[in-house]
Amino acid sequence: MSSRGWQSKVPPITATFWVIKVLSTTIGETFADYLAVNVGLGPAVTDAIMFVLLVIALVVQFRTRRYTPWIYWLCVVLVSIVGTQLTDFFTDTLGVPLAASTVTFSILLAVVFTIWYRQERTLAITSIDTPRREGFYWAAILTTFALGTAAGDYATETLDLGFRNGALIFGGLILATWIALRLGAGQVLTFWIAYVLTRPLGASLGDLLTQDKDLGGLALGASVTSLLFMAAIVVLVVREQVLVNRHGVVEKGSEPRGRSQDLAWAGAAALAVATAGLALSLVQGSSPATDTQTDVAQDTVTAHASGVSSTTARTAHPTTKLGNLNKFAVIVADVQIKVDKHDLAGAKTRVKDLEVAWDDAEAGLKPRDATKWHQLDDEIDAVLTALRASPPNQTDCASAVHTLMSTLNKFDGA
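Conventions we followed
Residues numbered from 1 in each chain as written. Predicted model: local features only at pLDDT ≥ 70, side-chain atom pairs only at ≥ 80, totals over all residues. Heavy atoms only, no water. Axes fitted to C-alpha atoms, helices over the stretch in contact; angles between N-to-C directions. Helix = DSSP H or I, 4+ residues; strand = E, 2+ residues; numbered from the N terminus. Parallel < 35°, antiparallel > 145°, perpendicular 65-115°, else oblique. Left-handed = near helix turned anticlockwise from the far one by under 90°. Contact = heavy atoms within 4.5 Å. Nonpolar A, V, L, I, M, F, W, Y, C, P; charged D, E, K, R; others polar. Salt bridge = Lys/Arg side-chain N within 4 Å of Asp/Glu carboxyl O. Buried < 20%, exposed > 50% of the residue type's maximum accessible area, 1.4 Å probe, protein only. Expected span 1.5 Å × (residues − 1). Phe/Tyr/Trp six-rings, centres within 6.5 Å; stacked < 30°, edge-to-face > 60°. Lys NZ or Arg CZ within 6 Å of the ring centre and 35° of its normal.

Before going further, it helps to examine the packing of helix H5 (residues 131-158) against helix H6 (residues 162-182). Relative orientation of the contacting elements H5 and H6 amounts to 125 degrees, with a least axis distance of 9 Å. When the interaxial angle is binned, H5 and H6 end up oblique. The element H5 and its partner H6 pack so that their crossing is right-handed. On the side of H5, the interface is formed by Ala151, Gly152, Ala155 and Thr156, while H6 contributes Gly162, Phe163, Gly166 and Phe170. Residues that form the contact of H5 with H6 fall into these classes: 4 nonpolar, 4 polar and no charged.

Below, the structure written as structure tokens:
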């Protein structure tokens, strides 16, 4: 397609840009996890779906001749998902250490920038007005998401910083980047540094909202957090679309009054999300029964109905370096009861609760003891594989569940 008649294909770098960028990062990650685990599509199917959707969205984006907010930000969300999945594939499937992934994606990003600059003699995103430049731009965006995921996971998991410290550290680095810009550092350099850093910042903030309170989070859950963030994104993107239609991408927000209004809208959206999240957390915290208490009560009923004492059913204890594992032990004990009674269909249904709960708690548990977490994760995968075999084998299922329960017991107090 000819580039004649093209206008700038990316948004102005305003406060709204950065707020949407951080919010879209969390949306991308939580939505992919929701499809893979909660819906049950699995990583492979989810990866394929997200890749196809990204290709379609980018085709639409490339066929436009100017910045169209809803198309652009849809591409960013999908790139966020695919970039995260790319890093997860390296780490979980290929077994590449996060440090090696971080170095690899850093080198790859440097290669993209080098080729881009040699071809176009500029890396400024204000000049994304030809198909080739836009191709380089989206290649860089995808690589920054993969790099941000690897670097963020390395800091919070391998270095045991956790998501709370991660949010403070990456937020501080972004602030330092902004100060460097104000002191005269190059706009292009500071933009791309900040763009990489917003990926782990968004993930850390998302984990802070979604993780259970005993893991240091606000216990909103992925669904509520995603809805809050999505609502804020929709409001900001709709406003962007209205302003672009009215003024055009170059004029939008360029005057002082426009910049102050943009800052006010971005600040209001961020404040609304924070206030709503805190309010919902306080409401949930006032509930008379905690999740763990409810699980224990349900397990006791199940155990009595099965003719097994609750003490026998709940053989694992919560005192471990990983934290409170009681709610997982409750589910495993319930699955074990069903398997021992040859109720493999019931065990398969119940083990879904384990898969969802374990995936939701990953960000809070894994940094505490990555070695123990990986061992339990592998054994949970073995239980899932055995129960979801076609057809499942009683001996294999019993062996996998017994191994998992034994490990939980072994970790007691460790």
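On to the pattern of salt bridges. In the structure shown here, the tally under the stated rule is 11 salt bridges. For Arg133, the salt bridge goes to Glu120, with nearest N and O atoms at 2.8 Å. Of this pair, Arg133 sits in helix H5 while Glu120 is found in helix H4 (residues 98-120), placing the two residues 13 residues apart along the sequence. Here Arg133 falls in the buried class, since its relative accessible area comes to 17%.

In this fold, Thr16 is placed in helix H1 (residues 15-38). Since its relative accessible area comes to 1%, Thr16 is described here as buried. In this structure Thr16 touches Leu236, Arg239, Glu240, Asp262 and Ala266, once residues within four positions along its chain are discounted.

Here we come to the packing of H5 against helix H7 (residues 187-210). It is the contact of H5 with H7, at a shortest axis distance of 8 Å, that shows an interaxial angle of 50 degrees. If you check the angle between H5 and H7, you find them oblique. Once H5 is placed against H7, the crossing between them reads as right-handed. Between H5, through Tyr137, Ala140, Ile141, Thr144, Phe145, Leu147, Gly148, Thr149, Gly152 and Thr156, and H7, the contact on the second element is made entirely by Trp192, Tyr195, Val196, Arg199, Pro200 and Ser204. Here the contact of H5 with H7 is composed, by residue class, of 9 nonpolar, 6 polar and 1 charged.

Before going further, it helps to spend a moment on helix H15 (residues 370-387). Because each turn of an α-helix spans 3.6 residues, side chains separated by three or four positions end up pointing in the same direction. Taking 1.5 Å of rise per residue, 18 residues should cover 26 Å, and H15 covers 26 Å from first to last C-alpha, within 8% of that figure. Buried residues in H15 make contact with helix H12 (326-340), helix H13 (344-360), helix H14 (362-365) and helix H16 (394-410).

A separate point is the side chain of Thr198. Take Thr198: it is sitting in helix H7. Sequence-distant contacts of Thr198, that is, excluding residues within four places in its chain, are made with Trp18, Lys21, Val22, Thr25 and Ile174.

Next up on the list: the packing of aromatic side chains. Across all of its chains, the model carries 22 aromatic pairs by this definition. Across from the ring centre of Tyr195, 4.4 Å away, lies the NZ or CZ of Lys21, which sits over that ring.

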